[in-house]
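Here's the letter readout for the chains.
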Amino acid sequence: MIYVVIVFLWTSILLYILLGGADFGAGIIELFTSKGNRSKTRKTMYEAIGPIWEANHMWLIIAIVILFVGFPKIYTTVSIYLHIPLVCMLLGIIARGTAFVFRNYDAVKDDMQKVYTPIFIYSSLITPFFLGIIAASSVSGQIDVQAQDFLSAYVFSWLNWFSVSVGVFTVSICGFLATIFIIGQAADDDRSFFIGKARRTIYTVMFCGALVFVAAYHENIPLASWIFGDTLGLTAIIAASISLIIMFFLLQRKKPILLRLLAGFQVAMILFAATYSHFPDIVLLKNGANLSLLTHQGQAKAIDTLGYALLIGSIFILPALGYLIYIFQQKKEVQEAH
Amino acid sequence: MDDFLAARLQMAFSLGFHIVFACIGMVMPFFMSVAHFYWLKTKKVVYKDVTKAWSKGVAIFFATGAVSGTVLSFELGLLWPTFMEHAGPIFGMPFSLEGTAFFIEAIALGFYLYGWDKLNPWFHWVTGVVVGISGLLSGILVVAANAWMNSPAGFDFVDGKYLNIDPIKAMFNDAWFSQALHMSVAAFVSTGFAVAGVHALMILRGKNVLFHSKAFKIAAVFGTVAACLQPISGDISAKDVAHRQPAKLAAMEAHFHTERNAPLIIGGIPDTANKKVDYAIKIPGLLSFMTTGNFSGEVKGLDVIPKEDQPPVAVTHYAFQIMVGLGMAMVFIALLYFIALWKKRQWLNSNWLLKLFIIATPMGFIALEAGWTVTEVGRQPWIINGVMRTVDAATPMPGIAYSFYLFTGVYISLAIIVSLLLYRQITMVGKLYDSTSKLPKN
Ligand code: HDD
Ligand code: HEM
Ligand code: HEM
């Protein structure tokens, strides 16, 4: 059962990065769009994510619940030592979720929009940035549970070049996912505009990815040997790079679904390479006493019921979610045909 | 401010904030579905207008409820890591099921909000009902988790270790039923009275009267019926508390001495130093009767509880008085409303009845917050009743006071913006929603 739970944990994290990430990306793209094109971007985005945007963020909650029910020690260690970036991320989540609704549901469209929009845009940037920092700090052995002073215990655990560069990389991934997603949604005359954007985000992702390696080198984190030292990890990274190249050539063709699948595949491979190399350890500590999904799992009974709850839950959720996406995709195509 | 106090206050503020949105998110979909049902049945366009206006409100509240809930699921670890480390696997069952319920709610809401004119009308209606049912379920589940903190079950506590975990037993602990029932009814009372009050105000101002009257009636009927059920459910809760947490009951009642034929103490100022209550109304024997079913039954007082295990008396007592007092006031309004519906239809058009409802607008939510204060403060100094102390659960990280100020600021600004948004939704009814109205905009 423990493996069922781990698969669910991994999948919800992946889906959160993909769906939630595309969602954050929408705001990030708006930031990097000139004022004149903003409303076009915004409208296309809203049509694309409106119906499912709430569900996109549920994956994070599922992941957290799995952590605290199944792996309480991991959940609490991260909560204690990464308190500050977690709070920053939460503030981002609050600001963004509410600003999204406010700007779309305010009955009067007036100057208040000038308040909501920047909040939405900047929190779209901040939230994935801190998410990346949190993820990077957990896996890079910077958490020092023996630290005696405030700074080494609660600040340097996450405020270092490596974590920050992964934060930036996460932001670029979100922007990338959003542009790929939007291409399929855009009306014909806007397509070239969005294709140009997609191209630029792909360059950005590659640049930020390189940055992560530089930062890892600087912080003495053996990132390269983690990823390239392992056949599976290496395969995953190669697959990710190939799919990026294929995508580059596919951008011009009208194959939005294929593009999205490739983008999803690519991110899945990156996540795989990042997590596989030290599986089952998930939180690496400075003193080497790593927290592992296998040795730090909860008692068997708790894991079993959690596993069943997840299985039963997915029987209800997945078909409904699939149908939701399907219906609105269908309607969209019908409308466009008219 | 000391870190421990800050952590408690931050938790209390976050929950107190979330609960308002959660309740509205649980109950509004039912109001909406009733209005929607009338629209589908009668084809009177005003019902469609009401449904649409309400669904906007639901969307705003849902999103705010969802983000504040997300914050909570992190805060449990950020503020109370020791608690979560041990409690997580035990009381996690309702939370993992709750995840499913939320998810279904979010999906159904997606269908509902974006499904007008796209889905089969009855399928569309059903998705609205599903939003309500899954919201209610998530409320019940999360309260079952809270009930576990009051009435820990499903593990053996041996030498400071939590052994033989049984999450199912933990979920169906002794307190879950009485708390879940009381909470669900409370959600209907508070939302019903709040919504009815707002529409009553608009009727009184003569704006879009047909629209607001229909809306008022749906909300008022839900709220008043629930208000009459609440004392019954509260009585079940009180008996339950007396049995499982005598310290909490004693604090609620400011009952210092164990005695037979114990009086029910209403109001008054508890004097902890001298162990008495000043200026209170005392009804002899009633407390014994209410908790044991017998006027001469024995009720435990604070004197049998060791000093270090006593909850704060004054806060618990006042909060309890506020909840019950407001509950009774709402029962009174409910009875007047029923008389008006069945016997004196002319009252329905009279201003004083509307005014009563306007005054009652915040009552349900105040009672709700007060009730949670009773439960949570009355459990102190325990975070898991009799097992773990709240002090021992708190995070080692210093400087929580700053995080408390930060979140308080955020919550206050959100509350202001949400109020502004609602105010605008309501004042724009004539322009946006009420297709029967010929009134020019304000
Ligand atoms: C609209 C809100 C509302 C109203 C009118 C009432 N309550 Fe209440 N009460 C709540 C809302 C609430 C609550 C916020 O929902 C609580 C907190 C925990 C819970 O399960 O429900 C609660 C808790 C609570 C408890 C503690 C339960 C526990 O710790 O397990 C008792 C004994 C009562 N209530 C009793 C009453 C009585 C006798 C009422 C008579 C009118 C009453 N309540 C009205
Ligand atoms: C599942 C539901 C809930 C859980 C798991 C929960 C958990 C907690 C925890 C961990 C604390 C901090 C420790 C303490 O001071 O006792 C707390 C305190 C508190 N909670 Fe709850 N709570 C729940 C529901 C609620 C709700 C809905 C409210 C609504 C207002 C609430 C009000 C409070 C208050 C007022 C305190 C502060 C008590 C004090 O400082 O003395 N709780 N709760
Ligand atoms: C410690 C306590 C609590 C935690 C950790 C918690 C967690 C959450 C989370 C994560 C969400 C977001 C789900 C979404 O996106 O839809 C949420 C929403 C919700 N919560 Fe809570 N919750 C707590 C207390 C409560 C209580 C006491 C209730 C009450 C009755 C409640 C009822 C709800 C409901 C109905 C929603 C759906 C949002 C809506 O419809 O507006 N929660 N909660």
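Summary of the structure given here. Since this is a predicted model, take the numbers as computed values, not measurements.

Our focus in this paragraph is the overall build of chain A. When its secondary structure is counted, chain A shows 14 helices and 2 strands. Looking at chain A as a whole, 56% of its 338 residues are labelled buried. Sequence separation of at least 24 residues holds for 79% of the intrachain contacts in chain A that already meet a minimum separation of 6. As displayed, chain A has an accessible area near 14,200 Å², and 70% of this comes from carbon and sulfur atoms.

This next bit is on the state of the cysteines. Linking two cysteines covalently through their sulfur atoms gives a disulfide. Overall, the coordinates contain 0 disulfides over all chains when judged by the stated rule. Free of any disulfide, C208 of chain A has its nearest neighbouring cysteine sulfur in C174 of chain A, separated by 11 Å. Between C23 of chain B, a free cysteine, and C228 of chain B, which holds the nearest cysteine sulfur, the sulfur-to-sulfur gap is 19 Å. Take C23 of chain B: its relative accessible area is 0%, and that puts it in the buried class.

Right, let's get into the coordination of the iron atom of ligand 1. Octahedral metals with six donors have ideal donor angles of 90 or 180 degrees. Tetrahedral metals with four donors have an ideal donor angle of 109.5 degrees. All names here are of chain B. Listed as protein donors to the iron atom of ligand 1 are H182 (NE2) and M323 (SD); their distances from the metal cover 2.0 to 2.4 Å. Metal-centred angles of 81 to 179 degrees between the 6 donor atoms at the iron atom of ligand 1 mark the site as octahedral. Residue H182 is found in helix α6 (residues 176-204), and its partner M323 is found in helix α10 (residues 313-342); the two are separated by 141 residues along the sequence. As far as the burial class goes, H182 and M323 line up, both buried.

Okay, helix α13 (residues 256-276) of chain A next. Here α13 of chain A contains 21 residues, and its C-alpha end-to-end distance of 30 Å stays within 8% of the 30 Å for a straight helix at 1.5 Å per residue. When we look at burial in α13 of chain A, the residues that qualify are L259, R260, L262, A263, G264, Q266, V267, A268, M269, L271 and A273 of chain A.

Moving on, we come to the packing of aromatic side chains. Evaluated as defined, the whole model comprises 34 aromatic pairs over all chains. Relative to F123 of chain B, the ring of F111 of chain B has its centre 5.8 Å away and its plane inclined at 85 degrees; by these criteria the two rings are edge-to-face. Placement of F111 of chain B in helix α3 (residues 81-114) and of F123 of chain B in helix α4 (residues 121-150) is noted, with a sequence separation of 12 residues between them. Overall, F111 of chain B belongs to the buried group, its relative accessible area being 4%. The structure contains a cluster of three or more aromatic residues connected by ring pairs, namely F68 and Y75 of chain A together with F83, F91, F95 and W148 of chain B. Directly above the aromatic system of W39 of chain B lies the positively charged group of K43 of chain B, at a separation of 4.6 Å from the ring centroid.

All names here are of chain B. Scanning all chains against the criterion turns up 6 salt bridges over all chains. Salt-bridge contacts for D240 lead to R244; the nearest nitrogen and oxygen are separated by 2.5 Å. With a gap of 4 residues between them, D240 and R244 both fall in helix α7 (residues 209-244), about one helical turn apart.

A separate point is the site of ligand 1. Residues and elements named next belong to chain B. Taken together, 25 residues form the shell around ligand 1, and within it H182, R244, K248, M323 and L368 come nearest. Residue Q230 places a side-chain N or O atom 3.5 Å away from a nitrogen atom belonging to ligand 1. The separation between an oxygen atom of ligand 1 and a polar side-chain atom of R244 is 2.7 Å. At the level of secondary structure, the elements contributing two or more residues to the shell around ligand 1 comprise α6, α7, α8 (246-253), α10 and α13 (363-379). Sort the elements by how many residues they give to the shell around ligand 1 and α7 lands first, with 7 residues.

Turning next to a nonpolar patch on the surface. Residue and element names in this part refer to chain A. A cluster of nonpolar residues, M1, Y308, L311, I312, I315 and F316, forms a patch on the protein surface that exposes about 600 Å² of accessible area. Following the sequence through the fold, L311 ends up in helix α14 (residues 300-337). By relative accessible area, L311 is classed as partly exposed at 34%.

Take the packing of helix α2 (residues 45-79) of chain B against α7 of chain B next. All names here are of chain B. Two elements in contact, α2 and α7, have axes separated by 9 Å at closest approach and are oriented at 70 degrees. Looking at the two axes, α2 sits roughly perpendicular to α7. Crossing hand, α2 versus α7: right-handed. Touching V46, Y47, D49, V50, A53 and W54 of α2 are L210, F211, K214, A215 and I218, all from α7.

All names here are of chain B. Here the residue pair Q380 and P381 is connected by a cis peptide bond, since its omega of 5 degrees sits within 30 degrees of zero. Topologically, P381 is positioned in the loop between α13 and β9 (382-384). Although it is not a glycine, K43 sits at a positive phi angle of roughly 60 degrees. Structurally, K43 can be placed in the loop between α1 (3-42) and α2.

A word on the coordination of the iron atom of ligand 2. Looking at the iron atom of ligand 2, one finds just one donor atom contributed by the protein, E376 of chain B (OE), at 2.4 Å. Inspection of the secondary structure puts E376 of chain B in helix α13.

What follows concerns the site of ligand 2. Residues and elements named next belong to chain B. Neighbouring ligand 2 are 18 residues, the closest being R8, I19, V142, E376 and Q380. A distance of 3.4 Å separates a nitrogen atom of ligand 2 from a polar atom in the side chain of N146. At 3.2 Å, a side-chain N or O of R379 approaches an oxygen atom of ligand 2. Only α1, α4 and α13 provide two or more residues apiece to the shell around ligand 2. Among the elements that take part in the shell around ligand 2, α1 stands out by supplying 6 residues, more than any other. A breakdown of the residues in the shell around ligand 2 according to their chemical character gives 10 nonpolar, 4 polar and 4 charged.

In this section: the interface of chain A and chain B. Tallying the contact residues gives 60 residues for chain A and 64 residues for chain B. In total, chain A and chain B occlude about 5,700 Å² of area from one another, counting both sides; carbon and sulfur atoms represent 80% of this. Linking chain A to chain B there are 1 salt bridge. Salt-bridge contacts for K73 of chain A lead to E85 of chain B; the nearest nitrogen and oxygen are separated by 3.7 Å. Every element with two or more residues in the side of chain A that touches chain B is listed here: α3 (53-56), α4 (58-70), α5 (72-81), α6 (83-105), α7 (112-139), α8 (150-155) and α14 of chain A.

Residues and elements named next belong to chain A. Residue placement: D144 occurs in the loop between α7 and α8. Owing to a relative accessible area of 17%, D144 belongs among the buried residues under this scheme. Separated by 84 residues in the primary sequence, D144 and L60 place their C-alpha atoms 25 Å from one another.

Calculation rules
- Every chain's residues receive numbers from 1 upward, in the order its sequence appears when written.
- Going through the entries in the order they are written, you letter the chains from A and number the ligands from 1.
- With the structure being a predicted model, the display of local features is reserved for residues of pLDDT at least 70 and the display and counting of side-chain atom pairs for 80 or more, all residues being used for whole-chain, interface and lining totals.
- Excluded from the side-chain calculations are hydrogens and water; all other atoms, namely the structure's heavy atoms, are used.
- Secondary structure is summarised from DSSP: a helix means a run of H or I of at least four residues, a strand means a run of E of at least two, and numbering begins at the N terminus for each.
- Using a 1.4 Å probe on the protein chains alone, a residue whose accessible area is under 20% of its type maximum counts as buried, one over 50% counts as exposed, and one in between counts as partly exposed.
- Only heavy atoms matter for contacts: two residues are in contact if any of them lie within 4.5 Å across the pair.
- What sets the accessible areas is the Shrake-Rupley method with a 1.4 Å probe; for residues, cover comes only from the shown protein chains.
- Note that a disulfide, as used here, is simply two cysteine sulfur atoms within 2.5 Å.
- Coordination partners: N, O, S within 2.8 Å of the metal, 3.2 Å for Na, K and Ca; water not considered, so apparent gaps in a site are possible.
- All geometry calls rest on donor angles, where a four-donor set with angles between 85 and 135 degrees is tetrahedral, four- and six-donor sets with opposite donors more than 155 degrees apart and all others between 65 and 115 are square planar and octahedral, and all else is irregular.
- Take the residue count of a helix, subtract one, and multiply by 1.5 Å to get its expected span.
- Whether two aromatic rings pair depends on their centres lying within 6.5 Å, for rings of Phe, Tyr and Trp, where Trp uses its six-membered ring; planes under 30 degrees apart make the pair stacked, over 60 edge-to-face, and the rest tilted.
- Two thresholds decide whether a charge sits over a ring: the Lys NZ or Arg CZ must be within 6 Å of the ring centre and within 35 degrees of the ring normal.
- Between Lys or Arg on one side and Asp or Glu on the other, a salt bridge is scored when a side-chain nitrogen of the former is within 4 Å of a carboxyl oxygen of the latter.
- One heavy atom suffices: a residue is near a molecule or strand as soon as one of its heavy atoms comes within 4 Å of it.
- In protein, a polar contact requires one atom able to donate a hydrogen and another able to accept it; more generally it is a pair of N or O atoms within 3.5 Å, and residues adjacent in sequence count only if both atoms are side-chain atoms.
- Distance thresholds for patches are 9 Å for like charges and 5 Å for nonpolar side chains (Val, Leu, Ile, Met, Phe, Trp, Tyr), applied to residues having over 30% relative accessible area and no salt bridge.
- Under this scheme, a helix contributes an axis fitted over its contacting stretch, all axes are lines through C-alpha atoms, and angles between N-to-C directions fall in the 0 to 180 degree range.
- Roughly parallel means an angle under 35 degrees; roughly antiparallel means over 145; roughly perpendicular covers 65 to 115; every other angle is labelled oblique.
- Here a crossing is taken to be left-handed if its near helix is turned anticlockwise relative to the far helix by less than a right angle, and right-handed if that turn runs clockwise.
- Each residue receives one of three labels: charged for Asp, Glu, Lys and Arg, nonpolar for Ala, Val, Leu, Ile, Met, Phe, Trp, Tyr, Cys and Pro, and polar for the others, Gly being one of them.
- Throughout, the accessible surface (probe 1.4 Å) given up by two parts as they are put together, summed over both, is called the buried area.

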